[in-house]
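Next come the chains, spelled out residue by residue.
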Amino acid sequence: MTADHVPQELFKYFQVHRRVAIAFSGGVDSSYLLYAAKACNIDVRAYTVENPFRSPVERRNSEAVCELLGVHPTVLEINTLDDPSITANPPERCYLCKKLVFSAIVRRAWRDGFKLIADATNATDDPDTRPGMKAVESMGICSPLRDVGLTKQEIRDLAREAGLPNWDTPSDSCLATRIATGTPITTEALRRTADVEEMLRGLGFNGIRARTESDGSCNLEVPPEQDALLEEKKDAVESVLKSNYPSFRFSVRRAV
């Protein structure tokens, strides 16, 4: 593995920081960051947090990327459902969850001798819409991709050139984001969300999100480029939703 697909500024970053722990989720950003660190031949270790909020898509992507890169991540088990301040699903839920997750990563990484912990925040990410970023920044976590100015699209292009299997995977977020703020997060709700989205992926959809509203209904968000597929598969989609929610509606989600 060479650094051919690592921009000069990121290459320079890893020449200065030669020992880094990376919070690795399996998303395209963290996958590329891990790839770049290995391509720059530094001492790097991946830390993956396994918890009930993690989507099956991220889990599969994580496994595929690790197999390709020959990485054996350190897996930390955290039950986010054990924290009532998180399961109450307040507006600051993401902040609280990130603090919990990254505290576990920092403790383990420090124990393993890593003092620099990195996440995969990129230059496109907006702190105003991602409260978890504030938690990460408050803990002294570094963000190499953001620091060198790499945008989401640039990272996708680099990941494609590097041959990463998830380079074109639609942006995802944890399952908890599918549940309306103020609506308690339960094992049942998370499982239903994961199962429904998996069934819809089986019909050919990508990047869909089945959001549970406060009244228990579902707002199925479909990327605009899949409108034709929705029209074609509408009966099958409605069958899936009817068997899982009291009511539902469709909406178009902005592509990210």
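Quick caveat, the model's predicted, so the values are computed rather than measured.

About the thresholds
- Residues numbered from 1 in each chain as written.
- Predicted model: local features only at pLDDT ≥ 70, side-chain atom pairs only at ≥ 80, totals over all residues.
- Heavy atoms only, no water.
- Axes fitted to C-alpha atoms, helices over the stretch in contact; angles between N-to-C directions.
- Helix = DSSP H or I, 4+ residues; strand = E, 2+ residues; numbered from the N terminus.
- Parallel < 35°, antiparallel > 145°, perpendicular 65-115°, else oblique.
- Left-handed = near helix turned anticlockwise from the far one by under 90°.
- Contact = heavy atoms within 4.5 Å.
- Pairing = 2+ DSSP bridges.
- Buried < 20%, exposed > 50% of the residue type's maximum accessible area, 1.4 Å probe, protein only.
- Right-handed = clockwise from strand over helix to strand, strands pointing away.
- Expected span 1.5 Å × (residues − 1).

Caption draft 1: Examining the packing of helix 2 (residues 28–39) against helix 8 (residues 152–162) more closely. Put simply, helix 2 and helix 8 touch, their axes get as near as 10 Å, and they point 55° apart. As summarised for this structure, helix 2 and helix 8 are arranged oblique, according to the angle between their axes. With respect to the hand of their crossing, helix 2 and helix 8 are arranged in left-handed fashion. Packed against helix 2, whose contacting residues are V28, D29, Y32 and Y35, the element helix 8 presents K152, I155, R156, L158, A159 and A162 at the interface.

Caption draft 2: Structural detail: the sheet that holds strand 4 (residues 117–118). Spatial ordering of the open sheet is given by 3-2-1-4, a layout of four strands whose pairing is parallel. The sheet is open, and its two borders are formed by strand 3 (74–77) and strand 4, each paired with just one other strand. Where strand 1 (residues 19–23) lies against strand 4, two bridges are found, and the strand directions are parallel. Paired with I22 across the two strands is A118, which belongs to strand 4. Where helix 5 (residues 93–111) meets the sheet, it contacts strand 1, strand 2 (43–50), strand 3 and strand 4, and its direction lies at approximately 140° from that of strand 2.

Caption draft 3: Highlighting the pairing of strand 3. The two faces of strand 3 differ: T74 and L76 on one face are buried, but V75 and E77 on the other face are not. Each parallel crossover has a hand, and for strand 2 linked through helix 3 (residues 56–69) to strand 3 it is right-handed.

Caption draft 4: Structural view of the environment of E225. In this structure, E225 sits in the loop between strand 6 (218–222) and helix 10 (227–232). On a C-alpha basis, the gap between E225 and V252 in space is 9.3 Å, while along the polypeptide they are 27 residues apart.

Caption draft 5: Just the side chain of E50, in detail. Examined against the element boundaries, E50 turns out to sit in strand 2. Its relative accessible area of 17% is what places E50 among the buried residues. In contact with E50, other than residues within four places in its own chain, are R59, V75, L76, E77 and I78.

Caption draft 6: The arrangement of helix 3 in detail. With 14 residues, helix 3 should reach 20 Å at 1.5 Å per residue; the first-to-last C-alpha distance of 20 Å fits that figure. All of the buried residues along helix 3 are P56, V57, E58, N61, S62, V65, C66 and L69. Among the residues trailing helix 3, G70 stands out with phi positive, at a value near 70°.

Caption draft 7: Spatial organisation of the sheet that holds strand 6. Spatial ordering of the open sheet is given by 5-6-7, a layout of three strands whose pairing is mixed. Lying at the two open borders of the sheet, with one neighbouring strand each, are strand 5 (209–212) and strand 7 (248–252). Put simply, the sheet's adjacent strands are angled 25° from each other on average, direction ignored. Sheet topology places strand 5 next to strand 6; four bridges connect them, and they run antiparallel. Paired with T212 across the strands is C218, a residue of strand 6. Of the strands in this sheet, strand 5 and strand 6 touch helix 9 (residues 187–202), which is tilted by about 150° from strand 5.

Just geometry here; none of it tells us what the structure is for.
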